[in-house]
Amino acid sequence: MQRQIALAMRVSLANTLAESTDIQCQFMFLDEPFAFFDPERTTATINRLYESTDGNLSQIWVTVQELPEGLDTAFMVNC
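Residues numbered from 1 in each chain as written. Predicted model: local features only at pLDDT ≥ 70, side-chain atom pairs only at ≥ 80, totals over all residues. Heavy atoms only, no water.

**Q** Where do I start with the overall build of the chain in this structure?
**A** Helices and strands together make up the secondary structure of the chain, namely two helices and two strands. Among the 79 residues that make up the chain, the fraction classed as buried is 24%. Taking contacts inside the chain between residues at least 6 apart in sequence as the whole, the part at least 24 apart equals 68%. With an accessible surface of roughly 6400 Å², the chain has 54% of that area assigned to carbon and sulfur atoms. (Helix = DSSP H or I, 4+ residues; strand = E, 2+ residues; numbered from the N terminus. Buried < 20%, exposed > 50% of the residue type's maximum accessible area, 1.4 Å probe, protein only. Contact = heavy atoms within 4.5 Å. Areas by Shrake-Rupley, 256 points an atom, 1.4 Å probe, with all protein chains shown as cover.)

**Q** Explain the side chain of threonine 45 here, please?
**A** You can see threonine 45 is positioned in helix 2 (residues 39-53). Leaving out residues up to four positions away in the same chain, threonine 45 has contacts with Gln4, Leu7, Phe34 and Phe37.

**Q** Explain a nonpolar patch on the surface here, please?
**A** Taken together, Phe27, Phe29, Ile60 and Val62 make up a surface patch of nonpolar side chains, about 380 Å² in accessible area. Going through the elements one at a time, strand 1 (27-31) and strand 2 (58-62) are the ones with two or more residues in the nonpolar patch. Along the chain, isoleucine 60 falls in strand 2. Given a relative accessible area of 36%, isoleucine 60 falls into the partly exposed group. (Patch = residues over 30% accessible without salt bridge, like charges linked within 9 Å, V, L, I, M, F, W, Y side chains within 5 Å. Salt bridge = Lys/Arg side-chain N within 4 Å of Asp/Glu carboxyl O.)

**Q** Explanation requested: the pattern of salt bridges in the structure shown.
**A** Note that side chains of opposite charge can pair when their charged atoms are close. In the structure shown here, the tally under the stated rule is one salt bridge. In this structure, glutamate 51 and arginine 48 form a salt bridge, with 3.9 Å as the shortest nitrogen-oxygen distance. Pair noted here: glutamate 51 and arginine 48 are both in helix 2, with a separation of three residues, about one helical turn. Residue glutamate 51 is classed as exposed on the basis of its relative accessible area of 51%.

**Q** What is the right way to read unusual backbone geometry from this model?
**A** Note on backbone geometry: most residues besides glycine have negative phi, and most peptide bonds are trans. A positive phi is found at glutamate 32, a non-glycine position, where the angle reads about 55 degrees. Here glutamate 32 is to be found in the loop between strand 1 and helix 2. Despite not being glycine, phenylalanine 36 has its phi angle at roughly 70 degrees, a positive value. The class for phenylalanine 36 is exposed, based on a relative accessible area of 72%.

**Q** Sorry if this is basic, but what is going on with the confidence of the model for the chain here?
**A** Low pLDDT marks stretches whose predicted atomic positions should not be read closely. In the predicted model, the chain carries a mean pLDDT of 76, and the fraction of residues at 70 or more is 78%. Within the chain, the element-level pLDDT minimum falls on helix 1 (residues 2-19), averaging 75, and the maximum on helix 2, averaging 83. (pLDDT = per-residue confidence, 0-100.)

The following block contains the structure:
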């Protein structure tokens, strides 16, 4: 729960920064944003990240977990 709240705070801060400037090259770097989340919570969080940024921010995720099937990403690197 603490991780989810911290992630929500970061997303909120990033959205505020994105809305307060005209720079088109902003991005959000998320390091293990879904650590310790179950698959349902991961899917809900991914959907919320997509909705909350509303195209204003690119997102870069670094994660060791498997992401839900059917996730629409622009680019994914699997190692």
